[in-house]
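# Overview (structure and organization)
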Amino acid sequence: MPEQTVMLMRELLQRSAERIQSGNAAIWFRKEKHLVPQIGVGSHADHFLNRFEQPLNQGIVSLVLASGQSFCQNQIKDHDQHSDLLDIQLGIQTDAMIVVPIHLSGKTMGVITCVHTRLHGGTEEPQSFGPADLAEFEFLAACINHLILAGTSNDTPDQ
Amino acid sequence: MNTETWLTIDDAKEAIRSGDGRGLRIAILDSGIEFSHPGLKGLEVDNDLAVVEEEGHPKVVDGKGDDLFGHGTAVAGIVHRLVPAAVIGSIRVLDPNSVSRAHLIQEGLRTAARLGYNIVHCSFNAPARQSDTLIYQNLIESFYLRHTHLVAAGSHSLYCTREWPAHFPTVVSVGAHPENEEGLHLTPVKSLVEFASCGSEVEALWPGGGTRQIVGAPFAAARVTAMLAKLLGSHPGLHPLTAKAVLRQVAE
């Protein structure tokens, strides 16, 4: 994928995350039996991009990849069975998460995530997402779909 | 002589208000259902099946009460809560290890048709590959001819890629209402996902006997599946297009 396409995707991700008042968002792509975060914004990005792999049979991100449906979960810490592999690695707790699928050429090739987090053991009131926030990221996913398609096209503009 | 069922808007609203889904069989095509969940107590279960991949081909096997992701149990919980007298069957078509989802989904739809369900609820969306379009079209048309009602979750995003089965006009396609409004609404923009309902569930049933707070189009679609079941419970002969037209009339 051209570097300019990646930069534009990162910028779109940043703007959408800010619009819904979230600090951290990432674009994950499927890599064999895992999902790998490859483009991200926020304070956690440098710590897990291209370093973390989520198994395809675990977690909300894998659910969205399999179903092709967007999903949002709030009050995550109040429920067991949340896949906290990444939380443990980063020393945080995830309070809420939005996940939307990325489609290309008839396949769900990845997901976009956006989270509200706190430091592990934090006492502040947890934040949550709603349907309007989910809609914002669905629109972002549509933009990313078209960007990827354009970025992988062989056409070049006339000089 | 035309003997097809018709009903007035007032009849439809009354059915949606008071119906309990009695006499209806609903298939939920999703990640499986944990039928042992305490929140599904009293549910009459019809079939528990899974479509798996064996040597590259889809095969229908026993679902074993497994929900691979949690999704299907949440959807079943909403439907059962709203239409407690309806019979529910599970056909698991979502498999994390499957390379291609489309052929599992197609086999799941064929199985639901073969088992004669009144309503088939699809919580997923498969990106519309050209190679699959004719297969989906044939399946959707067979549902239409059998008078089997299909409800599918979909996105209201104007720029999303085409998705099956939500983007077929004979399907009742539902997205999450952006302001979380309960009841049934028409999408304000021109979209093949014509309906919207509340997609938030504060205590959605989740595998392991617990609950989660979740938001998504499948949970809005579950509410509309229940509304359709209430309609069909009092007017069993309703044609799919008539039912969809009635839903459009009662929507706000």
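What counts and what doesn't
- Residues numbered from 1 in each chain as written.
- Chains lettered and ligands numbered in written order.
- Predicted model: local features only at pLDDT ≥ 70, side-chain atom pairs only at ≥ 80, totals over all residues.
- Heavy atoms only, no water.
- Pairing = 2+ DSSP bridges.
- Helix = DSSP H or I, 4+ residues; strand = E, 2+ residues; numbered from the N terminus.
- Contact = heavy atoms within 4.5 Å.
- Axes fitted to C-alpha atoms, helices over the stretch in contact; angles between N-to-C directions.
- Buried area = accessible area lost by both parts, 1.4 Å probe.
- Salt bridge = Lys/Arg side-chain N within 4 Å of Asp/Glu carboxyl O.
- Polar contact = N/O pair within 3.5 Å; in protein donor to acceptor, adjacent residues only side chain to side chain.
- Nonpolar A, V, L, I, M, F, W, Y, C, P; charged D, E, K, R; others polar.
- Phe/Tyr/Trp six-rings, centres within 6.5 Å; stacked < 30°, edge-to-face > 60°.
- Lys NZ or Arg CZ within 6 Å of the ring centre and 35° of its normal.
- pLDDT = per-residue confidence, 0-100.
- 1 Å grid on protein atoms, 1.4 Å probe; cavity = no way out; pocket = protein on both sides within 12 Å on 5 of 7 lines; lining within 4 Å.
- Points joined across faces, edges and corners; volume = space filled by probe spheres on them.
- Buried < 20%, exposed > 50% of the residue type's maximum accessible area, 1.4 Å probe, protein only.

## Digging into the sheet that holds strand β7 (residues 149-153) of chain B
Residue and element names in this part refer to chain B. Read across the sheet, 9 strands follow the order β3-β2-β4-β1-β5-β7-β9-β11-β10 without closing on themselves; strand pairing throughout is mixed. In this open sheet, the two strands that pair with only one neighbour each are β3 (57-62) and β10 (185-186). For strand β9 (residues 172-176) and strand β11 (residues 195-197), the ladder comprises 3 bridges, and the chain directions are parallel. Counted as the bridge partner of G175 is A196 from β11. Seen against the sheet, helix α3 (residues 102-114) touches β1 (25-30), β2 (44-54), β3, β4 (87-92), β5 (119-122) and β7 and runs at an angle of roughly 145 degrees to β2.

## Description of the interface of chain B and chain A
Each partner contributes residues to the interface: chain B has 38 residues there, and chain A has 36 residues. Roughly 2,800 Å² of surface becomes buried between chain B and chain A when both sides are summed, with 54% attributable to carbon and sulfur atoms. Together, B:R212, B:Q213 and B:V215 form the three largest contributors to the area buried by chain B at its contact with chain A, with a combined 24%. One can count 0 salt bridges joining chain B with chain A. Counting across the interface, chain B meets chain A through 7 residue pairs in polar contact (both at pLDDT 80 or more). Those elements that provide at least two residues to the side of chain B that touches chain A are β12 (200-206), β13 (210-215) and α5 (217-234) of chain B. Take the side of chain B that touches chain A: its biggest share by element is 5 residues, from β13(B). Looking at the side of chain B that touches chain A, its residues break down into 17 nonpolar, 17 polar and 4 charged.

## Comments concerning the packing of aromatic side chains
One pair of aromatic rings is described through two measures. These are the centre distance and the angle between the planes. Scanning the entire structure with this criterion turns up 5 aromatic pairs over all chains. These aromatic residues form a ring-pair network of at least three members: A:W28, A:F48 and A:F52. Its end group placed over the ring of B:Y117, B:R25 keeps NZ or CZ at 4.3 Å from the ring centre.

## Some words on the confidence of the model for chain A
Looking at chain A, the pLDDT average stands at 84 and 90% of residues meet or exceed 70. Across residues 155-159 of chain A, confidence stays below pLDDT 50; counting only partners more than four residues off in sequence or on other chains, it has 0 contacts.

## Section: the sheet that holds β12(B)
The 8 strands lie next to each other as β3(A)-β2(A)-β1(A)-β6(A)-β5(A)-β4(A)-β13(B)-β12(B), forming an open sheet whose pairing is antiparallel. Among the strands making up the open sheet, the edge pair consists of β3 (54-55) of chain A together with β12 of chain B. For strand β1 (residues 24-31) of chain A and strand β2 (residues 34-41) of chain A, the ladder comprises 7 bridges, and the chain directions are antiparallel. In the sheet register, A:A25 faces β2(A), and the bridge partner there is A:V41. The sheet strands contacting helix α5 (residues 131-151) of chain A are β1, β4 (71-74), β5 (92-104) and β6 (107-119) of chain A together with β12 and β13 of chain B, and the helix crosses β5(A) at an angle near 45 degrees.

## Some details on empty space enclosed by the protein
Residue and element names in this part refer to chain A. Under the counting rule described, the total for this entry stands at 3 cavities of 30 Å³ or more. Its volume calculated, the largest cavity comes out at about 300 Å³. W28, L86, T94, M97 and V115 are, among the 25 residues lining the largest cavity, the residues nearest its centre. Breaking the lining of the largest cavity down by element, the ones donating at least two residues are β1, α2 (45-48), α3 (59-67), α4 (85-90), β5 and β6. If you tally residues by element for the lining of the largest cavity, the top one is β1, at 4 residues. Grouping the constituent residues of the lining of the largest cavity by class yields 14 nonpolar, 9 polar and 2 charged.

## Some thoughts on the pattern of salt bridges
Residues and elements named next belong to chain B. Within this structure, the stated rule accounts for 14 salt bridges over all chains. Taking the shortest distance from any N to any O, the salt bridge between R17 and E14 comes out at 2.7 Å. Of the two residues, R17 and E14 both sit in helix α1 (residues 9-18), 3 residues apart, roughly one turn of that helix. Classification of R17 as exposed rests on a relative accessible area of 60%. Note that E201 and R223 form a salt bridge whose closest N and O atoms lie 2.8 Å from each other.

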